[in-house]
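The lines below spell out each chain.
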Amino acid sequence: MVKRILKPVILCVLAVLFALTCCMFVSGCTIETKHPEVKITVTFNGEDYVMKYKLYRNMYPQTVRHFIELASSGFYDNTIIHDYVDSDSWIGGGYSYNATDEEGNLISESYEDAIANDRIADYLELNDKEAEYNALYESGALTASVYSAKDDIKYNSKGAEDALRSVMGEFSNNIGQEIENGALSASYGTLKMFYYPLETMQHVFVTPNKKQVIEALYKYNSATSLFMIQTSSTSTYSASNYATFGKIKDSDDLDDLLDAVSDYIDDQEYADGVEFYVESDTVEVNSLESYSKEETDVGIQTTFNVTREPIIIKSIKVTKY
């Protein structure tokens, strides 16, 4: 009798182990956990710094899926922190570091030369990843969660006709996105999705889960690829306005990177009035915006604090799905 019971149990365990083993070696594994993990490797002044993050799919499923899909595609690899918000946050995910063509030639002058020659705005324009981001949507690599109309909505669909190329905003100031228990606060080391403030009052339809379709403002559901790493205990980018979806596993890892930046600044002995960053000339963003009817939302004019020594996102790798 015992043997008859043990045999199917053993076979079941072996089947589970086999499935997990296959998943480790086959790309596109569909096993999803409540808390995926990513490893962000940042290069600064010739040294690599690795930070490990726990993501909260259980509370921010669309944001986490979007970030993981971008990371898995290699979109974030070899990008820069293009906006250094001193004592607050670092913003990245929109510009390549020294992008090259198919033959390996620089598309523009190098980052370092652009800084030295005061042409950083031109550099950013030529290294902009907005077109590459849109191409990912066209290829079906990114899952839709924001729609211009109800008719074509399919939860977790790819390539839907009326899907907009943004991710829904999973934060409290977006209608219906209040998380009652356990919501992440905007604390030291957290990851947040960033979006440029829009003036449009147009409505869209978002799909937080299989059972819900919510009508909401596009301005709160317009994030694309940009993300923030919060570098202080408080931030002007609150969790009520920006999806805060990831928490650093060991804050010492971020401490090491920030200490390296601080030591570099001290060693440079900048002259009075000279900072670690330079303010760029006016840069146009949202140039491929196609939904908003407000002219000011297309080709938004802004400036960035660009660091003199590049802070490079070497890679973002998904270590647990």
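Each value, and the rule that gives it
Residues numbered from 1 in each chain as written. Predicted model: local features only at pLDDT ≥ 70, side-chain atom pairs only at ≥ 80, totals over all residues. Heavy atoms only, no water. Helix = DSSP H or I, 4+ residues; strand = E, 2+ residues; numbered from the N terminus. Buried < 20%, exposed > 50% of the residue type's maximum accessible area, 1.4 Å probe, protein only. Contact = heavy atoms within 4.5 Å. Areas by Shrake-Rupley, 256 points an atom, 1.4 Å probe, with all protein chains shown as cover. Lys, Arg positive; Asp, Glu negative; His and termini not counted. Charge placed at Lys NZ, Arg CZ, Asp CG, Glu CD. Pairing = 2+ DSSP bridges. Salt bridge = Lys/Arg side-chain N within 4 Å of Asp/Glu carboxyl O. Arc of directions from axis to C-beta.

A. Inspection of the overall build of the protein at higher detail. For the protein, the count of helices and strands is six helices and 15 strands. For the C-alpha atoms alone, the extent of the protein along its principal axes is close to 85 × 45 × 45 Å. Of all 321 residues assigned to the protein, the portion counted as buried reaches 48%. Once local pairs closer than 6 in sequence are excluded, the contacts in the protein between residues at least 24 apart make up 70%. Split by element, the accessible area of the protein, about 16,400 Å² in all, is 48% carbon and sulfur. Taking the average location of the 26 positive side-chain charges in the protein and that of its 51 negative ones, the two points are 19 Å from each other.

B. Representation of the pairing of strand β9 (residues 227-230). Side chains Phe-227 and Ile-229 of β9 all project onto a buried face; the interleaved residues Met-228 and Gln-230 project onto the opposite face, where all are buried too. As paired elements, strand β4 (residues 89-96) and β9 share four bridges and run antiparallel to each other. Residue pairing for β9: Trp-90 is matched across the bridge by Ile-229.

C. Molecular detail of the pattern of salt bridges. Summed over the entire model, instances satisfying the criterion amount to nine salt bridges. Among the salt bridges present, the one from Glu-132 reaches Lys-129, with a minimum N-O distance of 2.9 Å. For Glu-132, a relative accessible area of 39% puts it in the partly exposed group. The salt bridge involving Arg-165 is made with Glu-138; its shortest N-O contact spans 3.5 Å. Residue Arg-165 is found in the loop between β5 (146-147) and β6 (191-193), and its partner Glu-138 is found in helix α5 (residues 130-139); the two are separated by 27 residues along the sequence. Classification of Arg-165 as partly exposed rests on a relative accessible area of 36%. One connected set of salt bridges, linked through shared partners, spans Glu-32, Arg-57 and Arg-65.

D. A look at α5. All of the buried residues along α5 are Glu-130, Tyr-133, Asn-134, Leu-136 and Tyr-137. Each buried residue of α5 sits inside an arc of 150° when the element is viewed along its axis, so together they form one side. Exposed positions of α5 whose direction lies more than 90 degrees from the buried face are Ala-131, Glu-138 and Ser-139. Positive backbone phi, at 85°, marks Gly-140, one or two positions downstream of α5.

E. Just the sheet that holds strand β7 (residues 203-209), in detail. The strand order β5-β7-β8 describes an open sheet built from three strands, whose pairing is antiparallel. Two strands in the sheet have a free side with no partner beyond their single neighbour: β5 and β8 (212-217). The pairing of β5 with β7 spans two bridges and is antiparallel. Bridge assignment links Val-146 to a residue of β7, and that residue is Val-206.

F. Layout of the pairing of β8. In terms of strand pairing, β7 meets β8 through five bridges, oriented antiparallel. The residue bridging His-203 from the neighbouring strand is Leu-217, located in β8. Counted along the chain from β7 to the antiparallel partner β8, the turn is two residues long.

Such coordinate-based values are descriptive only and should not be taken to indicate function.
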